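Each chain is listed here by its residues.
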Amino acid sequence: MQDIRQKYTIIREQIEKRAYDSYLLAYIETPIIDEDKLLILISIMDRLELSFSKIKNYALSTMLIQIALDTHEHISNASKDEKSRQLTVLAGDYFSGLYYKLLAESEDIMMIKSLSKGVKEVNENKIFIYHNKLEGIERLMTSIMRIESSLLTKLSDYFKVDFCNDFLAHLFLFKRLLHEKKQYFQSERSVLFESLKIMSFPGNEARLEELSSGQRNHLVQVCDHYLELSKQVIEKGLKQLPYLNDLLENRVSLLLKQFQPNAKSFVEEG
């Protein structure tokens, strides 16, 4: 019997073989494999005692469509070179094609339907954020949560372990908020903080980097508030998670430790 680490390593290598196409990598950013999502996927399915062949197929399929969604999201950040932009679009389509091929080979129509619902939910919520159609900060956080976790929660629904969906949603909201906060501190660029600025300071046309220290600290405090809320849900969920293993528990613990409330950072560093 292979343990979680072995299964994780084998499947990750399979994803890399498909995602790291040498020609595409010459023109696009290296696709990011979300190791936490992969570990969650394998942990859920391992608990259900599925064959390794099925675990591998479902994990590959789900992670490839996740990579496709992430790649399409990076189009606006791609090089201004038109060829690079076109290849970024095609790369996303390429990963989508691999996903459909794998699932079609398995002839699992219900799994295809479940993940398709997840893709639809992700794209709908991206529209809300990128076109500023949000109605308040709660709605913003809900949209980010769905963007980050819909594929996993739909798979969880499929396997009828959906009682863990609250944990999954908050875990990946927490991770995304950490990333956005780090990005904001490093470059004062962030989709999340741009949306928070619009809602917190309506009518303020200043760019993020032009805000006062007080205004910037306010945005960080809002982010920290939702990080703290999600942390509480995650810590509670860890005690109830049926598919928890040492590898997953250690990874979640490390993620939680990355959260350091520091609303005064802009004052101190500025």
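Residues numbered from 1 in each chain as written. Predicted model: local features only at pLDDT ≥ 70, side-chain atom pairs only at ≥ 80, totals over all residues. Heavy atoms only, no water.

A.B. asks: Please give an account of the side chain of Lys181 that cites residues and values.
C.D. replies: Relative to the assigned elements, Lys181 resides in helix 8 (residues 165-187). With relative accessibility at 5%, the residue Lys181 sits in the buried group. Among the polar contacts listed, one links the side chain of Lys181 to the side chain of Asp224, at a separation of 2.6 Å. (Helix = DSSP H or I, 4+ residues; strand = E, 2+ residues; numbered from the N terminus. Buried < 20%, exposed > 50% of the residue type's maximum accessible area, 1.4 Å probe, protein only. Polar contact = N/O pair within 3.5 Å; in protein donor to acceptor, adjacent residues only side chain to side chain.)

A.B. asks: So what's going on with helix 11 (residues 246-257)? Residues and values would help.
C.D. replies: Here helix 11 spans 16 Å end to end across 12 residues, near enough to the 16 Å set by a 1.5 Å rise per residue. Buried-residue contacts for helix 11 involve helix 3 (35-47), helix 8 and helix 10 (213-238). (Expected span 1.5 Å × (residues − 1). Contact = heavy atoms within 4.5 Å.)

A.B. asks: Pulling in residues and values, what's your account of the nonpolar core?
C.D. replies: Membership of the largest hydrophobic core comes to 75 residues, with the highest contact counts inside it found for Ile40, Phe167, Leu192, Phe193 and Tyr243. Ignoring any residue separated from it by four or fewer positions in sequence, one finds Phe193 in contact with Glu180, Lys181, Tyr184, Leu208, Leu219, Val220 and Cys223. (Core = buried A, V, L, I, M, F, W, Y, C linked by side-chain atoms within 4.5 Å.)

A.B. asks: I'd love a proper account of the packing of aromatic side chains, names of residues and values included.
C.D. replies: Under the counting rule described, the total for this entry stands at six aromatic pairs. Centre to centre, the rings of Tyr58 and Tyr158 are 6.4 Å apart; their planes meet at 70°, and the pair counts as edge-to-face. One end of the pair, Tyr58, is in helix 4 (residues 52-73); the other, Tyr158, is in helix 7 (residues 137-158), with 100 residues separating them in the sequence. Taking 4.1 Å as the distance between ring centres and 20° as the angle between the ring planes, the aromatic pair formed by Tyr184 and Phe193 counts as stacked. Tyr184 sits in the buried class, given a relative accessible area of 0%. Over the aromatic face of Phe172 sits the side chain of Lys37, whose NZ or CZ is 5.5 Å from the ring centroid. In this structure, Arg139 is placed above the aromatic ring of Phe128, and the distance from its NZ or CZ to the ring centre is 4.2 Å. (Phe/Tyr/Trp six-rings, centres within 6.5 Å; stacked < 30°, edge-to-face > 60°. Lys NZ or Arg CZ within 6 Å of the ring centre and 35° of its normal.)

A.B. asks: Please give an account of the confidence of the model for the protein that cites residues and values.
C.D. replies: In the predicted model, the protein carries a mean pLDDT of 86, and the fraction of residues at 70 or more is 86%. Across the protein, the element-wise mean pLDDT spans from 48 in helix 12 (residues 265-269) up to 96 in helix 11. Across residues 265-270, confidence stays below pLDDT 50; counting only partners more than four residues off in sequence or on other chains, it has 12 contacts. (pLDDT = per-residue confidence, 0-100.)

A.B. asks: An account of the pattern of salt bridges is needed here, citing residue identities and associated values.
C.D. replies: Here the structure, examined in full by the defined rule, presents 17 salt bridges. A salt bridge links Asp36 to Lys175, with the shortest nitrogen-to-oxygen separation between them at 2.5 Å. Note that Asp36 is positioned in helix 3 and Lys175 in helix 8, a separation of 139 residues in sequence. Judged by its relative accessible area of 7%, Asp36 is buried. (Salt bridge = Lys/Arg side-chain N within 4 Å of Asp/Glu carboxyl O.)

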